[in-house]
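Analysis of the macromolecular model
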Amino acid sequence: MRLKIILATTTIFAGFLLWQNICDSKKVDFNTEIKPIFNKKCIACHGGVKQSGGFNLLTRDLALRPTENGKLAIVPGDPDASELIQRISNHDPEIRMPFKKEPLSQTEIELFKRWISQGAEWGIHWAYQPVQKPKVPSSQTALGFFGRKTAENQWIRNDIDRFVFEKLKEKKLTPNPEADRPTLLRRLALDLTGLPAPQNLSEKFLADTSEFAYQNLVDSLLAAPSFGERWASVWLDLARYADSKGYERDARRFAWRYRDWLIRAFNVDMPYNQFLTEQIAGDLFPQPTDAQLIATTFHRNTPTNDEGGTDNEEYRTAAVLDRVNTTWEAVLGTTFGCVQCHSHPYDPFFHDEFYKFAAFFNNTRDADTYDDFPLLRIYSGADSAKFSDLKNWLTQNSQPFESQEFINLARLWQPVWYSIETDSHKNCALLDTKWLGMSNHSSARLPGVSLDGKSKLMLRFQINTPGGNLKIHLNRSDGPLLLALPLKKQMTNLEIESFDFQEVAGKHDLFLIYENPKLAAKPDDFGLRLDWFSFSKKFPGAGKPGQKLAEQNFMDLMRAGCETVPVMFENPSDFRRKNYVFERGNWLVHGQEIEPATPKHFNKFPENAPADRLGLARWLTSPENPLTARVLVNRLWEQIFGLGLVETLEDFGSQGAEPSHPELLDFLAFQFVQEQNWSIKKVLRELVLSSTYRQNSDATAAKISSDPENRWLSRGAKIRLSGEQIRDNALAISGLLSPKMFGKPVMPPQPEGIWQVPYNGDSWQNSLGEDSYRRAVYTFWKRSSPYPSLMTFDGAARQVCTARRVRTNTPLQALVTLNDPVFVECAQNFALKLYNSTAEKDFLEKIKTGFRQAAGQEISTEKLKILSELYQNSLKHYQNRSAETKFFLKYLEEKNQTAELAAMAVVCNVLLNLDEILTKS
C-alpha cells in the first residue's frame, strides 16, 4: 500500500515538473500576454505621456535604454539583472512597482521573468503588421467516411463560410438554417440600398426558382442607383459632412456637390484607392477635373468660425489638426488625436510625428475665411462656354505654367492674399474678423508678398465712400510707391478690378495707406473694405490673335456670379508655410521646425512620391499599408452583420478590441487589394453571397447565452435600422418616397422652433412637393441643430469624424415614429394606398396586405387579431367624430377623410412601428 502511495506521489510530482518545464519553455507572446499588463498597470507612468525615472515602455528601443539612475530596467536574457523584476518583486511599498498601486500577481511576475529570460522580444501589434493572405480552412476537413459530404460541406458556399465555420466549431456552435426567401429579399435590399426592393424586382426574385435567383438579385441591387445613396450616408459621418459651417454662428455652407460626388463614386464602384486619393489630393492631379476638385471637399468639411473677434489663424490651425485626426480615424481606424499633445500612451506614435503628418495638410489656401475660400466656381450657360473657350485659347497660346495660373484664378480665385492676413493696423480693423476696413489716415501691412515676375494686381474690394486713395508702398509705410489707386465710384457690393504696376523683384512687405478727406476723423468710419489681393503676371499671348478677347473673357469670368463649393488648393511656392511641432499641443508655442513625414513604425513612404497630399494618398493606399484595407473591409462587415470583426471601428490600436476572426479579416483585406482591385461592390457581393449572411436570425436560449452579440455568427443579424433607413423605409412603404436624386439639400417637415439662429434670422422652410419626400441623405444638415428624428435614432451631429454610431433604444424613438408629422403622413398615405390598390373590401384582408407589403412576410394570427381589434376600436371612435377625423387626416384630401381611412391609418401607424419594420432580421 505504501509503495503504491509512493509511486502515485512520484508520478504526480514528475507530471508537475513536466508541466512546469513545458510552461517555462513555452514562448511568451508579447502582444497577448505582456502588452496588456503594460497598458493596464505600467504605461500611465512609463509611456508616451510620462516617463517616470527615465523609463519608457512605448517601444523596445526606449525600454532597453538606461534609466535616470543608470540602471537597466530590462536586460534581455537576464531577469535577475533587470531592475524591472526587482521592482515588481520588492515587498517595500516605497520601492515596489506599480507605485502605490496593487502589486502584480506572482503569476504575472513569473510571466515577466520568462519573457525577459527568452530575450524580452517585443511584438508588433496585430493591426500594424503587414496584411498577409492567411491559409483558408480546407473544406476537406468536412468530409466524412468514404468522402461523403457532411453538414459543414453542404453549408459552405465561399471562403468566408470556411473561416466562420472553423470558429463556430471552436466555440461549439452550429449555424442556423437559411432564412426564407421573403426575409432574404428584405434583408438584402435594406443592406445594399437602404430601401425595400422595388416591386418588379421582388416579384421576379420570388418567382425565380433557378439556382442563380439569389445571385441575380444581389447583382441587380448592387447596380441600383439607390446603392450609392445608402453607402454615401455612411461615409458622410466619416467626412463630418454638413450643410453649415459649425461653431456658434453655424451659417450655411454650400457643399452638397460633395455629397453628390460620393453617391456617384459609390454607384460606379470607384476603386477605393482612387476614392481616397481624389478626396485627399484631387486638386494636386495634373489639370484636375471639377469632380476631382469637388472630391477634396472631404477635408473642407471642417468647421469655419464666423464669430466676430475670433482668431482666424487659430481656427485655420484647428482645421488642419482636424484633417489629421479625421484621416487617421476614417481611413486608418486609429486614435491619433492625443499625439497632438504628447506621444501616444499605448501605441508607437510620437509627439513630433503628429506634426510631421499635419505638415501634409498645412500648406493649403484655406484660412478660416467668411466666404470659405478656396471655392470652385461652378459655371453654367454662357459662362461655361466662355470658360471652355478661355482654357482652349490659353492652352494653345501660352506656356503650361502660365495657362494654369490664369485658369486657377478664373476657376478658383486662387492663389490670392486674404485681407485678414494683414497686420500692423493703424486706424483700420479687421471687420468682424472677415475683411479689412480702412478709415481716413489708416495703414496696414501685408507681409511677405513675392513680386517676382508680377506686374498686375487684381483687387476684390468695396468703396463705401468715394473720393479716397489707396497707395501701396514697399517695405515701409513711406517706402517706394508700388501703386496708387484713386477710388472714385461708390460700390454696393464687393467687386473685382485689375491694375497694372511696374515689376519689382523679390519678396516684400506691402504697406497699404488709405486717405479719404470725406470721412470723419472717427477710426470706425470705414470708407473702404478689402477682401483679397492677387498679384500675377500680365495676361499671356500679347499680340496673338484673340488675345484681347481672351483677356476680356478672363475678367468677365472673374466677375461672374456663380454657385460655388469649398475645395482644397495647395499653396504655390511663394505662399508656402513653415511647419513646427506645437509644444504640448499649444499652437502658439512653436518647437522645432519639421517637414512632412509619416510615422516611422508604419510602411515606408513610397519612393519618388512628392512630400504633399498626393504622396500621402499613395502612402495610405499602398498595399504595404497595414490598416487602410483592414479598416475598410471591417466597416463594410459591420454595416452588413451589425458588429465589426473588430468591434471598435474607430480604434484598431492596442486599446481597441481584438478581432473576433483575425484570419478572416486579413483574408478579406488581402483579397480586397490584391484580387478585387479595391472594389467595394465586390467585397459586399462576397459577403452577402455567403451562407453566413443567409442564415435566419432565430436565436435559441443557448445561443443567446453563449453568444449574446452574435460575435461568432451562428445566426443571421437582427439589428435596428439606422435613422435614415427607418425614415426612408416608411416613405417607401407608404408610396410617398421620391426617386429624385442629387441637388441642393431639402427641408422636410420638422417641429417649429428647432432652429434658433440669433445672427442672420435663418429659418427652416419646409420643402414643397416631392422635395418633402426625398431620401434622408438629402436632408439639410445643420451642425448645431441636426434633423431631430435622425438624431433620436443615433445620427451623428457631424461636428467631428464619427466612425461608429452607437445603437440605443429609448422611448423617444417610439415617440418619433408614432407622432412625428413625417411618420403620421406616411401612415395615412399607406392606409390610402391599401384602399386604392387592394380589391378586398374586408379590412382584415387589407391589414394582411399591409403587413405583407411592410414586413415582406405573412402576418401571424396573433398579430392579426390585435390589429383587427385596434381597427374596430378606432373605427368606433372616429365614426361619430367628423371634425376630429378631418383634423387627424389633414394630410389627405377631403374626399378621403373618412372614419374607415382614419381607423386604417391608426393601424398603419402601428404597422410602421413594429419590430419587423424597424429592424432587419
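Right above here is the structure, for reference.
Because the structure is predicted, anything quoted here is derived from the model rather than measured. (Residues numbered from 1 in each chain as written. Predicted model: local features only at pLDDT ≥ 70, side-chain atom pairs only at ≥ 80, totals over all residues. Heavy atoms only, no water.)

**Overview of the packing of aromatic side chains**
The geometry of an aromatic ring pair is captured by two quantities: the separation of the ring centres and the angle between the planes. Under the definition given, this model contains 55 aromatic pairs. Both rings, one in Trp328 and one in Phe349, keep their centres 5.4 Å apart while their planes meet at 65 degrees; by these two values the pair is edge-to-face. Pair noted here: Trp328 is in helix 15 (residues 312-330) and Phe349 is in the loop between helix 15 and helix 16 (351-358), with a separation of 21 residues, a long-range link. Judged by its relative accessible area of 0%, Phe349 falls in the buried class. Ring centres of Phe373 and Tyr418 lie 5.8 Å apart, and the angle between their planes is 5 degrees; this geometry places the pair in the stacked category. Residue Phe373 is found in the loop between helix 16 and strand 1 (375-378), and its partner Tyr418 is found in strand 2 (residues 417-418); the two are separated by 45 residues along the sequence. No difference in accessibility class separates Phe373 from Tyr418, as the two residues are buried. Sitting over the ring of Trp755, Lys782 keeps its end group 4.9 Å from the ring centre. (Phe/Tyr/Trp six-rings, centres within 6.5 Å; stacked < 30°, edge-to-face > 60°. Helix = DSSP H or I, 4+ residues; strand = E, 2+ residues; numbered from the N terminus. Buried < 20%, exposed > 50% of the residue type's maximum accessible area, 1.4 Å probe, protein only. Lys NZ or Arg CZ within 6 Å of the ring centre and 35° of its normal.)

**Considering helix 18 (residues 400-412)**
An α-helical turn contains 3.6 residues, so a residue and the one three or four places further along point in the same direction. Its 13 residues give helix 18 an end-to-end C-alpha distance of 17 Å, which sits within 8% of 18 Å, the value for a rise of 1.5 Å per residue. Among the residues of helix 18, Ser403, Glu405, Phe406, Ile407, Asn408, Leu409, Ala410, Arg411 and Leu412 are the ones counted as buried. Tucked inside the fold, the buried residues of helix 18 contact helix 14 (290-295), strand 1, helix 17 (381-397), strand 5 (456-463), strand 10 (528-536) and helix 19 (547-559). Trp413, located one to two residues past helix 18, shows a positive phi value of around 55 degrees. (Expected span 1.5 Å × (residues − 1). Contact = heavy atoms within 4.5 Å.)

**What about the pairing of strand 4 (residues 435-450)?**
Taken across its 16 residues, strand 4 has twelve buried, putting it largely inside the fold. Where strand 3 (residues 423-431) lies against strand 4, six bridges are found, and the strand directions are antiparallel. Residue pairing in the sheet places Asp423 in a bridge with Arg445 of strand 4. Between strand 3 and strand 4, which pair antiparallel in sequence order, lie three residues; one of them, Asp432, sits at a positive phi of approximately 55 degrees. Bridge count for strand 4 against strand 10 is three bridges, and the pairing is antiparallel. Looking at the pairing, Leu436 lines up with Leu530 of strand 10. (Pairing = 2+ DSSP bridges.)

**Here we look at the environment of Val646**
Topologically, Val646 is positioned in the loop between helix 21 (628-641) and helix 22 (662-674). Along the backbone, Val646 and Gly656 are ten residues apart, and their C-alpha atoms lie at a distance of 8.1 Å. For Val646, the contacting residues outside a window of four places in its chain are Trp126, Asn634, Asp651, Phe652, Ala657, Pro659 and Leu665.

**Some details on helix 9 (residues 199-207)**
Taken as a whole, helix 9 has its buried residues at Leu201, Ser202 and Phe205. In a view along the axis of helix 9, the buried residues occupy a sector of 100 degrees, so they form one face of it. The exposed residues of helix 9 that point more than 90 degrees off its buried face are Gln199, Asn200, Lys204 and Ala207. For helix 9, the secondary structure elements touched by its buried residues are helix 8 (181-193) and helix 10 (213-222). (Arc of directions from axis to C-beta.)

**Some remarks on the pattern of salt bridges**
Going through the model one piece at a time under the given rule, you end up with 57 salt bridges. Among the salt bridges present, the one from Glu845 reaches Lys848, with a minimum N-O distance of 3.4 Å. Of this pair, Glu845 and Lys848 both sit in helix 30 (residues 843-855), three residues apart, roughly one helical turn. (Salt bridge = Lys/Arg side-chain N within 4 Å of Asp/Glu carboxyl O.)

**Concerning the packing of helix 29 (residues 821-837) against helix 30**
Where helix 29 contacts helix 30, the two axes come as close as 10 Å, and the packing angle between them is 120 degrees. Taken together, the axes of helix 29 and helix 30 lie oblique to each other. Our pair here, helix 29 against helix 30, has a crossing hand that is right-handed. Touching Phe830, Lys833, Leu834 and Tyr835 of helix 29 are Lys846, Thr849, Gly850, Gln853 and Ala854, all from helix 30. (Axes fitted to C-alpha atoms, helices over the stretch in contact; angles between N-to-C directions. Parallel < 35°, antiparallel > 145°, perpendicular 65-115°, else oblique. Left-handed = near helix turned anticlockwise from the far one by under 90°.)

**Comments concerning the nonpolar core**
In this structure, Trp235, Tyr258, Phe275, Leu684 and Leu687 are the most contacted members of the largest nonpolar core, which totals 119 residues. Of all the elements, helix 21 adds the most residues to this core, at eight residues. Those residues within four positions of Leu687 in sequence are excluded, and the remaining contacts are Ile160, Leu636, Trp637, Ile640, Phe641, Leu668 and Tyr693. (Core = buried A, V, L, I, M, F, W, Y, C linked by side-chain atoms within 4.5 Å.)

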